[in-house]
Amino acid sequence: MKDFAVVGGGIAGLAVAEMLQRSGASVVLLEKNKTLCSEASAEQQGWFHTGALYTALPSNFFCRTMVGNLDDLVDYYSWFPNMNLRVDKHIYTTSREGWFANRTNFYVYTSCRGVSWKWKLPWAVALYRAKRRMSWFETLDASRSLSHQLGFGAKPLQYVVHRSTLGVNLDHVAFALKSRDRAMNTKLIAEDLLRSFLANGGLVQTQTKVLELEKGAVLAKGTAGEAPVRIPARHTILATGKDTTSFETNTKVFISPLLVVYPALTDLNFVRMSPHMEETINHICHRNNGLEYSLIGNAVYHDARQETGEVLERVRASMLGMAKRVFGDFDAKSTDLFFGYKTEVSSSSFIRNYLYHIIDRGNYTLALPGKFSLCFSLAVNVCRHFGIEPVEQSRVAEPETAPGLIEEPLHYQMAKRLAEKS
Ligand SMILES: Cc1cc2nc3c(=O)[nH]c(=O)nc-3n(C[C@H](O)[C@H](O)[C@H](O)COP(=O)(O)OP(=O)(O)OC[C@H]3O[C@@H](n4cnc5c(N)ncnc54)[C@H](O)[C@@H]3O)c2cc1C
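Residues numbered from 1 in each chain as written. Predicted model: local features only at pLDDT ≥ 70, side-chain atom pairs only at ≥ 80, totals over all residues.

Engineer: Please explain the overall build of the protein chain as it appears in this structure.
Structural biologist: Tallying secondary structure elements over the protein chain gives eight helices and 18 strands in all. Across the 422 residues in the protein chain, those meeting the buried criterion constitute 44%. Across the protein chain, the fraction of contacts at a sequence separation of at least 24, relative to all contacts at a separation of at least 6, is 70%. (Helix = DSSP H or I, 4+ residues; strand = E, 2+ residues; numbered from the N terminus. Buried ≥ 20, exposed ≤ 12 C-beta atoms within 10 Å, placed from the backbone. Contact = placed C-beta atoms within 7 Å.)

Here's what the structure looks like:
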């Protein structure tokens, strides 16, 4: 009898299982596929938000969540040898290689000139707020708890304001914020969490699909057609990403496109912020195993239930059109497009919430990360949710303990194929 059965071996399940196991609980992690982090956690672009991106949003809640997550990352994960994000007065990376890329991201806010009349006033307010809030980040003392410092009087603006277009065609730029956000090496993070989980005695069972959740057990079957078995556990945590909809109706699934371009179009990382979702575009230059490629996303989401070939074609054309406006003409043959699934807890008020959720549902506890990068706060808070004090340090097993158990991110697989073709 284990203390916890964690269902779903994406980043949410893995991070939660690791934190529970290192904090003294016994955990079995159940995954239906052959590898871990093979679904949404392999279909993302790897971008770590400290919250700067959300400075223009009306609610403080987003910033606080992102920054609280940064506190948890620093408090509970700094002992991992590859965790290269450090804080004293400021936040910086200690090495080129590690969990976080050693490069700057820009948030480029489009000016009011670039938005429709209906958005002019709200956008002007949002720009003003973004500038003011950014000064919080610039004046925070990163060596003390960041979340506790947020919200106190903003000091004069100190951030860098670029009125230039940063070398790409980002028309109507109001200002660009240089952020300390970093792109993430999601595979390395997942590998390290898995090695810690195993070193602490955690059990991973892949190719095991959970069918039913009972009080004190889950009913699962192997993918080779074996008869279902009951796996007893005192508590069950459901971290099944988009498949959560087969256990409950209270979640929404969106599909979100990402364009992979090989070779990279620029080494600049940026988000062009606009109130018009289709005009918001972000670019990350990934360096992975010797390949350098671009990942381009936008902020348009589609309800996964309406996914059709026609929708995908339309999205592909619009993504390519936008990328060409920003980067100039390039060969469409050097691109590939894929859709990833984002799962959120439904709310009546709106669309995306980007927050992590821990919700008791009787037979199980739902754990949804909202973002890959929020897995740290999710794990720490699941522990606390069960009255377990999270342990700050642990140990990691040798790299060869779990070879090949973490899936390569989809964008890397695609860039590799494009590179081979060219
Ligand atoms: C296009 C795109 C871009 C993104 N960009 C970013 C970004 O820049 N930054 C960021 O932080 N986040 C980003 N995200 C979000 C991030 O990828 C997800 O929030 C996160 O990876 C979700 O992790 P998860 O563990 O909840 O889901 P998943 O990774 O999907 O894991 C769920 C797992 O559960 C398993 N499973 C399902 N049902 C069962 C069952 N019955 N039995 C056993 N196993 C089961 C599945 O096989 C899967 O492995 C992006 C997402 C997309 C799609």
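Moving on from the model shown.
Engineer: I tried to follow the nonpolar core on my own but got confused; where do I start?
Structural biologist: Side chains of nonpolar character tend, in soluble globular proteins, to be buried together. In this structure, V6, A15 and V16 are the most contacted members of the largest nonpolar core, which totals 102 residues. With eight residues, helix α1 (residues 11-22) is the largest single contributor of residues to this core. (Core = buried A, V, L, I, M, F, W, Y, C linked by C-beta atoms within 7 Å.)

Engineer: Got a minute to help me understand the confidence of the model for the protein chain in this structure?
Structural biologist: Per-residue pLDDT for the protein chain has a mean of 85; in total, 90% of the residues score no lower than 70. A low-confidence stretch, residues 151-163 (pLDDT under 50), is modelled with 23 contacts involving residues beyond four sequence positions or located in other chains. (pLDDT = per-residue confidence, 0-100.)

Engineer: Can you help me understand the site of the ligand in this one?
Structural biologist: Among the 39 residues in the neighbourhood of the ligand, the closest are listed as G8, G10, S41, G241 and G340. Secondary structure elements with two or more residues in the shell around the ligand: α1, β8 (208-214), β11 (251-261) and β16 (335-345). Looking at the shell around the ligand, its residues break down into 14 nonpolar, 16 polar and nine charged. (Near = placed C-beta within 6 Å. Nonpolar A, V, L, I, M, F, W, Y, C, P; charged D, E, K, R; others polar.)

Engineer: Just checking my understanding: could you explain the packing of α1 against helix α5 (residues 186-199) for this structure?
Structural biologist: In a packed pair of helices, the relevant descriptors are the angle between the two axes and the axis-to-axis distance. Across the interface, α1 lies against α5 with an axial gap of 9 Å and an inter-helix angle of 35°. Classified by chirality, the crossing of α5 by α1 is left-handed. Each of I11, L14, A15, A17, E18, Q21 and R22 in α1 lies in contact with α5, whose residues at this interface are A190, L193, L194, S196 and F197. Here the residues of the contact of α1 with α5 sort into eight nonpolar, two polar and two charged. (Axes fitted to C-alpha atoms, helices over the stretch in contact; angles between N-to-C directions. Left-handed = near helix turned anticlockwise from the far one by under 90°.)

Engineer: How should helix α7 (residues 375-385) be read in this particular structure?
Structural biologist: Given 3.6 residues per helical turn, the α-helix brings residues three or four places apart onto the same face. Burial runs high along α7: eight of the 11 residues are buried. Where α7 is concerned, the buried positions are C375, F376, S377, L378, A379, V380, V382 and C383. Taken together, the buried residues of α7 touch α1, α2 (61-77), β10 (229-238), β17 (357-360) and β18 (365-368). Downstream of α7 by one or two residues, G387 has phi in the positive range, about 75°.

Engineer: What's the story with unusual backbone geometry in this structure? I'm lost.
Structural biologist: With the exception of glycine, the majority of residues adopt a negative phi angle, and the majority of peptide bonds are in the trans configuration. The linkage connecting Y262 with the following residue, P263, adopts the cis geometry, with an omega of -5°. Turning to its location among the elements, P263 is positioned in the loop between β11 and β12 (269-273). Despite not being glycine, C37 shows a phi value in the positive range, around 50°. Examined against the element boundaries, C37 turns out to sit in the loop between β2 (27-30) and α2. The phi torsion at N289 lies on the positive side, around 45°, for a residue other than glycine. Structurally, the position occupied by N289 is in the loop between β13 (281-288) and β14 (291-298).

Engineer: Any chance you could explain the environment of G201 here in plain terms?
Structural biologist: Residue placement: G201 occurs in the loop between α5 and β7 (203-205). The exposure class of G201 is exposed, given the 10 C-beta atoms found within 10 Å. Separated by 183 residues in the primary sequence, G201 and E18 have C-alpha atoms spaced 9.8 Å apart.

Engineer: What exactly am I supposed to notice about the environment of R103 here?
Structural biologist: One can find R103 in the loop between β4 (91-93) and β5 (105-110). Sequence separation of R103 and N269 is 166 residues, and the distance between their C-alpha atoms is 8.1 Å.

Engineer: I'm lost on the pairing of β18 in this one. Help?
Structural biologist: Along any regular strand the residues' side chains alternate between the sheet's two faces. Covered by surrounding structure in β18 are T365 and A367 together with L366 and L368, the residues of both alternating faces. Summarising the sheet, β10 and β18 pair through two bridges and their orientation is parallel. Across the sheet, L238 pairs through a bridge with L366, a residue of β18. As paired strands, β17 and β18 are joined by four bridges and run antiparallel to one another. Within β18, the residue paired with I359 across the bridge is L366. (Pairing = 2+ DSSP bridges.)

Engineer: Mind showing me how you'd approach α2 here?
Structural biologist: The end-to-end C-alpha separation of α2 is 23 Å, in line with the 24 Å expected for 17 residues at 1.5 Å each. Of the residues making up α2, those classed as buried are C63, T65, M66, V67, G68, N69, L70, D72, L73, Y76 and Y77. (Expected span 1.5 Å × (residues − 1).)

Engineer: So what exactly am I meant to see when it comes to the pairing of β13 here?
Structural biologist: Within β13, six of the eight residues are buried, which leaves it mostly tucked inside the rest of the structure. Pairing of β13 with β14 involves eight bridges; the strand directions are antiparallel. Bridging from a neighbouring strand, C285 pairs with S294 of β14.

Engineer: When you look at the packing of α1 against α7 in this model, what are you seeing that I'm missing?
Structural biologist: α7 packs onto α1 with a crossing angle of 45° between their chain directions and a minimal axis gap of 8 Å. With respect to α7, the axis of α1 lies oblique. The chirality of how α1 crosses α7 is right-handed. Between α1 and α7, the contacting residues are I11, A12, A15, V16, E18, M19 and L20 on the first element and C375, F376, L378, A379, V380, V382 and C383 on the second. Of the residues contributing to the contact of α1 with α7, the split by class is 13 nonpolar, no polar and one charged. (Parallel < 35°, antiparallel > 145°, perpendicular 65-115°, else oblique.)

Engineer: Teacher, can you tell me more about the environment of E392 here?
Structural biologist: Here E392 lies in the loop between α7 and α8 (410-421). By C-beta crowding, E392 is classed as partly exposed, having 13 other C-beta atoms within 10 Å. It is 9.2 Å that separates the C-alpha atoms of E392 and M19, two residues lying 373 residues apart in sequence.

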